[in-house]
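Here is how the chains run, residue by residue.
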Amino acid sequence: MAEPMEIRGFRYWPGLLDAAAQAALVAELRAVVAAAPLYAPVTPGGRPMSVRMTSAGRLGWVTDRRGYRYEAAHPSGVAWPPIPASVLALWHGLTGLDRAPDCCLVNFYGEGAKMGLHQDRDEGDFTFPVLSISLGDEALFRVGGTDRRDPTESLWLRSGDVLLMGGAARLAWHGIDRLRFRSSRLLPGGGRINLTLRVVATSPSSS
Ligand SMILES: O=C(O)CCC(=O)C(=O)O
Ligand SMILES: [Fe+2]
(Lines give C-alpha, C1' and ligand atoms only; values in the text may rest on other atoms or scores of the structure.)
(Ligands and ions follow the chains in the order given, each with its own letter.)
Protein backbone atom coordinates (compact mmCIF):
# COMPACT_ATOMS: atom_id res chain seq x y z
CA MET A 1 0.00 0.00 0.00
CA ALA A 2 1.33 3.48 -0.90
CA GLU A 3 2.68 5.58 1.97
CA PRO A 4 0.13 8.16 3.09
CA MET A 5 0.75 11.87 3.49
CA GLU A 6 0.03 13.42 6.85
CA ILE A 7 -2.29 16.39 7.25
CA ARG A 8 -3.27 17.64 10.70
CA GLY A 9 -2.86 14.13 12.12
CA PHE A 10 -4.95 12.57 9.34
CA ARG A 11 -3.44 10.00 7.03
CA TYR A 12 -4.13 11.00 3.45
CA TRP A 13 -3.76 8.88 0.30
CA PRO A 14 -4.40 11.16 -2.69
CA GLY A 15 -5.63 9.27 -5.74
CA LEU A 16 -5.47 5.87 -4.02
CA LEU A 17 -8.35 4.52 -6.13
CA ASP A 18 -7.70 4.53 -9.87
CA ALA A 19 -10.39 5.21 -12.47
CA ALA A 20 -11.38 1.53 -12.73
CA ALA A 21 -11.67 1.13 -8.96
CA GLN A 22 -13.73 4.32 -8.74
CA ALA A 23 -16.13 3.14 -11.46
CA ALA A 24 -16.48 -0.27 -9.81
CA LEU A 25 -17.25 1.39 -6.50
CA VAL A 26 -19.90 3.63 -8.08
CA ALA A 27 -21.56 0.52 -9.53
CA GLU A 28 -21.64 -1.09 -6.07
CA LEU A 29 -23.05 2.09 -4.58
CA ARG A 30 -25.82 2.17 -7.16
CA ALA A 31 -26.99 -1.14 -5.70
CA VAL A 32 -26.79 0.31 -2.17
CA VAL A 33 -28.86 3.33 -3.18
CA ALA A 34 -31.38 1.13 -5.02
CA ALA A 35 -31.98 -0.81 -1.78
CA ALA A 36 -31.78 2.19 0.60
CA PRO A 37 -32.52 5.38 -1.35
CA LEU A 38 -30.77 8.67 -0.67
CA TYR A 39 -32.99 10.88 1.47
CA ALA A 40 -32.85 14.51 2.56
CA PRO A 41 -31.88 14.65 6.25
CA VAL A 42 -32.93 17.38 8.68
CA THR A 43 -30.86 18.58 11.64
CA PRO A 44 -32.23 18.23 15.18
CA GLY A 45 -32.88 21.98 14.97
CA GLY A 46 -35.11 21.37 11.96
CA ARG A 47 -32.81 22.70 9.23
CA PRO A 48 -32.63 20.67 6.01
CA MET A 49 -29.10 19.51 5.18
CA SER A 50 -27.87 20.16 1.64
CA VAL A 51 -26.36 16.67 1.29
CA ARG A 52 -28.52 13.63 0.66
CA MET A 53 -27.70 10.52 2.66
CA THR A 54 -28.04 6.82 3.10
CA SER A 55 -25.98 4.08 4.74
CA ALA A 56 -24.80 0.53 4.31
CA GLY A 57 -23.95 -1.83 7.14
CA ARG A 58 -25.42 -3.08 10.37
CA LEU A 59 -26.18 0.48 11.44
CA GLY A 60 -26.78 3.73 9.60
CA TRP A 61 -26.23 7.27 10.79
CA VAL A 62 -29.39 9.35 10.71
CA THR A 63 -30.52 12.79 11.79
CA ASP A 64 -33.97 14.23 12.21
CA ARG A 65 -35.90 16.27 14.80
CA ARG A 66 -35.16 13.51 17.33
CA GLY A 67 -31.42 13.99 17.07
CA TYR A 68 -28.24 12.50 15.62
CA ARG A 69 -27.96 8.76 16.11
CA TYR A 70 -27.34 5.33 14.59
CA GLU A 71 -30.34 3.24 13.54
CA ALA A 72 -30.69 -0.37 12.38
CA ALA A 73 -33.01 0.64 9.52
CA HIS A 74 -33.40 3.30 6.83
CA PRO A 75 -36.07 5.94 7.60
CA SER A 76 -38.41 4.00 5.26
CA GLY A 77 -38.06 0.94 7.54
CA VAL A 78 -35.96 -1.22 5.19
CA ALA A 79 -32.74 -2.71 6.54
CA TRP A 80 -29.50 -1.06 5.39
CA PRO A 81 -27.81 -3.08 2.63
CA PRO A 82 -24.42 -4.70 3.33
CA ILE A 83 -21.22 -2.68 3.00
CA PRO A 84 -19.65 -3.52 -0.40
CA ALA A 85 -16.78 -6.02 -0.13
CA SER A 86 -14.34 -3.69 -1.91
CA VAL A 87 -15.01 -1.00 0.71
CA LEU A 88 -14.45 -3.47 3.54
CA ALA A 89 -11.19 -4.56 1.93
CA LEU A 90 -9.98 -0.95 1.86
CA TRP A 91 -10.93 -0.52 5.51
CA HIS A 92 -9.03 -3.61 6.64
CA GLY A 93 -6.04 -2.84 4.42
CA LEU A 94 -5.63 0.78 5.50
CA THR A 95 -6.57 0.55 9.18
CA GLY A 96 -4.93 -2.80 9.85
CA LEU A 97 -7.95 -3.66 12.00
CA ASP A 98 -9.68 -7.04 12.12
CA ARG A 99 -12.80 -5.35 13.43
CA ALA A 100 -15.19 -4.49 10.59
CA PRO A 101 -16.98 -1.15 10.48
CA ASP A 102 -20.65 -1.13 11.48
CA CYS A 103 -21.61 1.75 9.24
CA CYS A 104 -20.71 3.05 5.82
CA LEU A 105 -22.37 6.45 5.67
CA VAL A 106 -23.00 7.57 2.08
CA ASN A 107 -23.20 11.33 1.52
CA PHE A 108 -24.21 12.69 -1.87
CA TYR A 109 -23.31 16.29 -2.65
CA GLY A 110 -25.20 17.84 -5.55
CA GLU A 111 -24.53 21.32 -6.91
CA GLY A 112 -24.15 23.79 -4.02
CA ALA A 113 -24.15 21.17 -1.27
CA LYS A 114 -21.79 21.52 1.67
CA MET A 115 -21.32 20.29 5.21
CA GLY A 116 -20.67 22.58 8.17
CA LEU A 117 -17.70 22.15 10.48
CA HIS A 118 -18.41 19.33 12.95
CA GLN A 119 -16.87 16.46 14.89
CA ASP A 120 -17.89 12.82 14.31
CA ARG A 121 -18.83 11.90 17.83
CA ASP A 122 -21.90 9.67 17.77
CA GLU A 123 -19.87 6.43 17.64
CA GLY A 124 -19.18 5.69 21.30
CA ASP A 125 -15.57 4.50 20.96
CA PHE A 126 -13.15 7.03 19.53
CA THR A 127 -10.20 4.64 19.61
CA PHE A 128 -11.48 3.38 16.23
CA PRO A 129 -10.70 5.62 13.25
CA VAL A 130 -13.10 6.90 10.59
CA LEU A 131 -12.10 6.16 6.99
CA SER A 132 -13.30 8.58 4.32
CA ILE A 133 -13.42 7.86 0.58
CA SER A 134 -14.17 10.56 -2.00
CA LEU A 135 -15.70 9.97 -5.45
CA GLY A 136 -16.73 12.42 -8.16
CA ASP A 137 -16.47 16.19 -8.01
CA GLU A 138 -13.68 17.95 -6.11
CA ALA A 139 -14.60 19.29 -2.70
CA LEU A 140 -12.92 21.80 -0.45
CA PHE A 141 -12.35 19.98 2.84
CA ARG A 142 -11.59 22.06 5.90
CA VAL A 143 -9.87 20.53 8.90
CA GLY A 144 -9.06 22.01 12.28
CA GLY A 145 -8.07 20.64 15.65
CA THR A 146 -10.03 19.05 18.45
CA ASP A 147 -11.04 22.48 19.75
CA ARG A 148 -13.66 24.34 17.70
CA ARG A 149 -11.49 27.47 17.86
CA ASP A 150 -8.31 25.81 16.59
CA PRO A 151 -7.03 27.21 13.29
CA THR A 152 -8.16 25.30 10.20
CA GLU A 153 -6.57 24.46 6.89
CA SER A 154 -8.17 23.39 3.65
CA LEU A 155 -7.48 20.90 0.92
CA TRP A 156 -9.30 19.87 -2.22
CA LEU A 157 -10.44 16.25 -1.99
CA ARG A 158 -10.56 14.60 -5.40
CA SER A 159 -12.11 11.45 -6.76
CA GLY A 160 -10.24 8.42 -5.47
CA ASP A 161 -8.75 10.18 -2.45
CA VAL A 162 -8.85 8.39 0.89
CA LEU A 163 -8.45 9.94 4.32
CA LEU A 164 -8.05 8.21 7.68
CA MET A 165 -9.19 10.21 10.70
CA GLY A 166 -7.71 8.47 13.69
CA GLY A 167 -5.61 8.82 16.79
CA ALA A 168 -5.43 12.35 18.14
CA ALA A 169 -7.20 13.59 14.99
CA ARG A 170 -10.22 11.32 15.47
CA LEU A 171 -12.16 14.17 17.03
CA ALA A 172 -10.82 16.92 14.79
CA TRP A 173 -13.36 19.42 13.50
CA HIS A 174 -13.94 19.10 9.77
CA GLY A 175 -16.39 19.97 7.03
CA ILE A 176 -16.92 20.59 3.34
CA ASP A 177 -17.02 24.27 2.33
CA ARG A 178 -17.87 23.85 -1.33
CA LEU A 179 -17.83 21.69 -4.40
CA ARG A 180 -16.35 22.27 -7.85
CA PHE A 181 -19.51 21.02 -9.50
CA ARG A 182 -18.88 18.95 -12.63
CA SER A 183 -15.08 18.99 -12.10
CA SER A 184 -15.17 15.18 -12.45
CA ARG A 185 -16.87 13.02 -15.05
CA LEU A 186 -17.24 10.00 -12.79
CA LEU A 187 -20.93 10.65 -12.09
CA PRO A 188 -22.85 11.42 -15.28
CA GLY A 189 -25.06 14.02 -13.59
CA GLY A 190 -22.18 15.57 -11.64
CA GLY A 191 -21.85 15.68 -7.87
CA ARG A 192 -19.77 14.02 -5.23
CA ILE A 193 -20.10 10.91 -3.10
CA ASN A 194 -18.30 10.60 0.20
CA LEU A 195 -18.21 7.37 2.15
CA THR A 196 -17.28 7.27 5.81
CA LEU A 197 -16.66 3.95 7.51
CA ARG A 198 -17.32 3.90 11.21
CA VAL A 199 -17.15 1.45 14.09
CA VAL A 200 -20.18 2.23 16.21
CA ALA A 201 -20.45 -0.29 19.04
CA THR A 202 -17.56 -1.44 21.18
CA SER A 203 -17.75 -5.09 20.16
CA PRO A 204 -19.07 -6.78 17.01
CA SER A 205 -21.58 -8.83 18.98
CA SER A 206 -23.22 -5.90 20.72
CA SER A 207 -26.25 -4.42 19.05
O1 LIG B 1 -17.83 14.66 2.71
C2 LIG B 1 -16.82 14.59 3.38
O3 LIG B 1 -15.69 14.54 2.90
C4 LIG B 1 -16.92 14.59 4.90
C5 LIG B 1 -18.19 13.94 5.39
C6 LIG B 1 -18.28 13.98 6.89
O7 LIG B 1 -17.53 14.65 7.54
C8 LIG B 1 -19.30 13.19 7.58
O9 LIG B 1 -20.14 12.56 6.94
O10 LIG B 1 -19.28 13.18 8.82
FE1 LIG C 1 -17.64 14.09 9.63
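Keep in mind the model is a prediction, meaning the values are calculated, not measured. (Residues numbered from 1 in each chain as written. Chains lettered and ligands numbered in written order. Predicted model: local features only at pLDDT ≥ 70, side-chain atom pairs only at ≥ 80, totals over all residues. Heavy atoms only, no water.)

Draft legend 1. View of the site of ligand 1. Lining the immediate environment of ligand 1, one finds Leu 105, Asn 107, Tyr 109, Met 115, His 118, Asp 120, His 174, Ile 176, Arg 192, Asn 194, Thr 196 and Arg 198. Between an oxygen atom of ligand 1 and a side-chain N or O atom of Asn 107, the distance comes to 2.8 Å. A distance of 2.5 Å separates an oxygen atom of ligand 1 from a polar side-chain atom of Tyr 109. Its free accessible area being 290 Å², ligand 1 has 97% of it covered by the protein chains. Of all the elements, strand 13 (residues 192–198) adds the most residues to the shell around ligand 1, at 4 residues. A class-by-class count of the residues in the shell around ligand 1 yields 4 nonpolar, 5 polar and 3 charged. (Near = heavy atom within 4 Å. Polar contact = N/O pair within 3.5 Å; in protein donor to acceptor, adjacent residues only side chain to side chain. Areas by Shrake-Rupley, 256 points an atom, 1.4 Å probe, with all protein chains shown as cover. Helix = DSSP H or I, 4+ residues; strand = E, 2+ residues; numbered from the N terminus. Nonpolar A, V, L, I, M, F, W, Y, C, P; charged D, E, K, R; others polar.)

Draft legend 2. Seen up close, the sheet that holds strand 10 (residues 153–157). Ordered in space as 7-12-9-10, the 4 strands form an open sheet in which the pairing is antiparallel. Single-partner strands in this sheet number two, and they are strand 7 (115–118) and strand 10. Taken over all neighbouring pairs, the strand axes of this sheet differ in orientation by 25° on average, direction set aside. Bridging between strand 9 (residues 138–143) and strand 12 (residues 174–180) involves 6 bridges; their strand directions are antiparallel. (Pairing = 2+ DSSP bridges. Axes fitted to C-alpha atoms, helices over the stretch in contact; angles between N-to-C directions.)

On their own, these measurements won't tell you what the molecule is for.
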